[in-house]
Amino acid sequence: MPCPNILQLQLTQTRKKRDSFTSRIPVTSFGCRSMDAKHVGDDVFSVTSTSKYDVDYLGESTKGDLNLKIDHLEAFGIDGQAALSGPIEELARTEAQEAEDLLNDLGIPSPSSARNSPRGIFCSRTLNLRSISAIGYDMDYTLMHYNVMAWEGRAYDYCMDNLRNMGFPVDGLAFDPDLVIRGLVIDKHNGNLVKADRFGYIKRAMHGTKMLSTQAVSEMYGRELVDLRKESRWEFLNTLFSVSEAVAYMQMVDRLDEGAIGPELGTLDYKGLYKAVGKALFRAHVEGQLKSEIMSKPELFVEPDPELPLALLDQKEAGKKLLLITNSDYHYTDKMMRHSFNRFLPNDMGWRDLFDMVIVSARKPEFFQMSHPLYEVVTGEGLMRPCFKARTGGVYSGGSAQMIESSLNVHGDEILYVGDHIYTDVSQSKVHLRWRTALICRELEEEYNALINSRGNRARLVELINQKEVVGDLFNQLRLSLQRRTKGRPAQTLAATNMDDQELTESMQKLLVVMQRLDQKIAPMLESDGELFNKRWGFLSRAGLWDKSHLMRQIEKYADIYTSRVSNFLHYTPFMYFRSQEQTLAHDSYSYYCSEVNGSASAVKNRS
């Protein structure tokens, strides 16, 4: 008899652990192993319906939760409560450990391990995915990711060609995607690109293609906050589609400052220049040359993701109604989706088979706010006819989000919408319809890795700042002592009062030198923090060492969950309960103090 190989031994051990794990649970709670499999779902479990749902202790809907049928247990003479006897705390601890071991043996990552990775799904607001009846998806940079250098590079090229035809000097300029990152804001009044923190205070700025000094930023924006509601001045770079526009604009600001733009184009200020660049880029998209080129050679522009169609297939088979809602037209959508999806789907499925409804030329964000005429796409060539109500399985142009809710009989927080654009996709669907939302931000993977690789430098920086704080506290107390002494008043303590003038002065001098030298070390470290992600702008989600960026504030406000790509859902399940993490506050430090005191007390008690 041949010896078993390593894989066979591992499988045998896994089966033993699995059997041990399930043997202590009432077999009928998993569906009695002696029963015919076809009866398991119907006889043993029930699903909480839309009409009978409750709200759990975290305020989430229980729609879609799986429940045991008590009458089924009683029919087999089993009391579900008695079968799991003992204190629930001890039972849960044991079951959780064995469940984790079994997941490891089966090679299935736990949700916590998936979250702690570049491919994790991160939760801002608790979301019970079981209660979601329909999931809508945007297409560009959501269901398909473009090669930024290729796609935005060609958009930039077409934009520059149009600017050249308009009479602008563009010779010698080249596309530089590292010049900008998502989440920056264009100041159209000053020709600047700025990065703001969560409060709107500007932390970094670039005029044209040259970074401004900290002093210059303070002088220019010391009294101003970024206010995205003032669209005449501020333009938020919501998506990767903004990269080509921002690069072209900042380069043309340089040309304007150099006096290279002739008077024949009129008297241009920075705001007028932005309008001209936007017009040139708009023509590149509208005239169709760019998309025609992409459709002719999609393999040059689209990064394939074999896991993506499988993630959507899991959701569909779990009973979710899948929707595609895109501003792209039918021909482009069909061509790109067939290229990105069909080869990865099983059993000769096509991309259309995944979706219960497809909306093209949706005209977002208006799609979420008002109604447009609805047309049904009735032929493969894209021929359309007017209609008044959408049906499951159809492809439509125009319409509205309210029409989708009515046609599918799903509403509000039963729908999850997934997109890459903070405004067009995420905030509008949440603000106007109260849909649940997910943001796709591909750069998260690079940022996550950059944060991991910079942990050592950030730890050293924090250590230096903490040291300066302690030294500074002593210096400030001595300074106060000197101030009181000159006014003839006693110092804070008797020991400070007894210090002679020379001792007090020398101590302050020494401490001041230490702080100044620390500043010389800290300042360049702070300046370089985040350069592993982008040398000019630092991290996407941060504005400074501890504060969040304006983009991160927008994400937390409008996106219930966010992740780098849709296929990350494959590492979870369609029944996942995403729970938001604890949000720390400035005064939360008291809890750490209490835990340290209690820990010290316990240690003393144990030693005694």
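Residues numbered from 1 in each chain as written. Predicted model: local features only at pLDDT ≥ 70, side-chain atom pairs only at ≥ 80, totals over all residues. Heavy atoms only, no water.

1. Concerning the packing of helix α11 (residues 289-296) against helix α13 (residues 330-341)
Following both chains from N to C, one finds α11 and α13 inclined at 25 degrees, their axes separated by 10 Å at the closest point. In terms of their interaxial angle, α11 and α13 are classed as roughly parallel. Viewed along their axes, α11 and α13 form a crossing whose handedness is left-handed. The segment α11 lies against α13, with Lys-291, Ile-294 and Met-295 engaging His-331, Tyr-332, Lys-335 and Met-336. Its residues assigned to classes, the contact of α11 with α13 shows 4 nonpolar, 1 polar and 2 charged. (Axes fitted to C-alpha atoms, helices over the stretch in contact; angles between N-to-C directions. Helix = DSSP H or I, 4+ residues; strand = E, 2+ residues; numbered from the N terminus. Parallel < 35°, antiparallel > 145°, perpendicular 65-115°, else oblique. Left-handed = near helix turned anticlockwise from the far one by under 90°. Contact = heavy atoms within 4.5 Å. Nonpolar A, V, L, I, M, F, W, Y, C, P; charged D, E, K, R; others polar.)

2. What about the sheet that holds strand β9 (residues 202-207)?
Taking strand neighbours across the sheet as the criterion, the 5 strands line up as β10-β9-β8-β7-β11 in an open arrangement whose pairing is antiparallel. Single-partner strands in this sheet number two, and they are β10 (210-211) and β11 (234-236). Bridge count for strand β8 (residues 192-196) against β9 is 5 bridges, and the pairing is antiparallel. Across the sheet, the residue bridging to Lys-195 is Arg-204, located in β9. (Pairing = 2+ DSSP bridges.)

3. Structural notes on the confidence of the model for the protein
Per-residue confidence for the protein averages 87 on the pLDDT scale, and 88% of its residues sit at or above 70. Under a pLDDT of 50 for its full length, residues 1-12 has, in the predicted model, 2 contacts with residues more than four places off or in other chains. Between residues 21-40, whose pLDDT stays under 50, and residues either more than four places distant or in other chains, the model counts 35 contacts. (pLDDT = per-residue confidence, 0-100.)

4. What to know about the pairing of strand β15 (residues 374-377)
As defined by bridge partners, β15 adjoins strand β17 (residues 395-398) across 3 bridges and the pair is classed as antiparallel. If you follow Tyr-375 over to β17, its bridge partner there is Ser-397. Alignment of β15 against strand β16 (residues 384-386), held across 3 bridges, turns out to be antiparallel. Bridge pairing links Val-377 to Met-384 in β16. Counted along the chain from β15 to the antiparallel partner β16, the turn is 6 residues long, and its residue Gly-382 has a positive phi close to 95 degrees.

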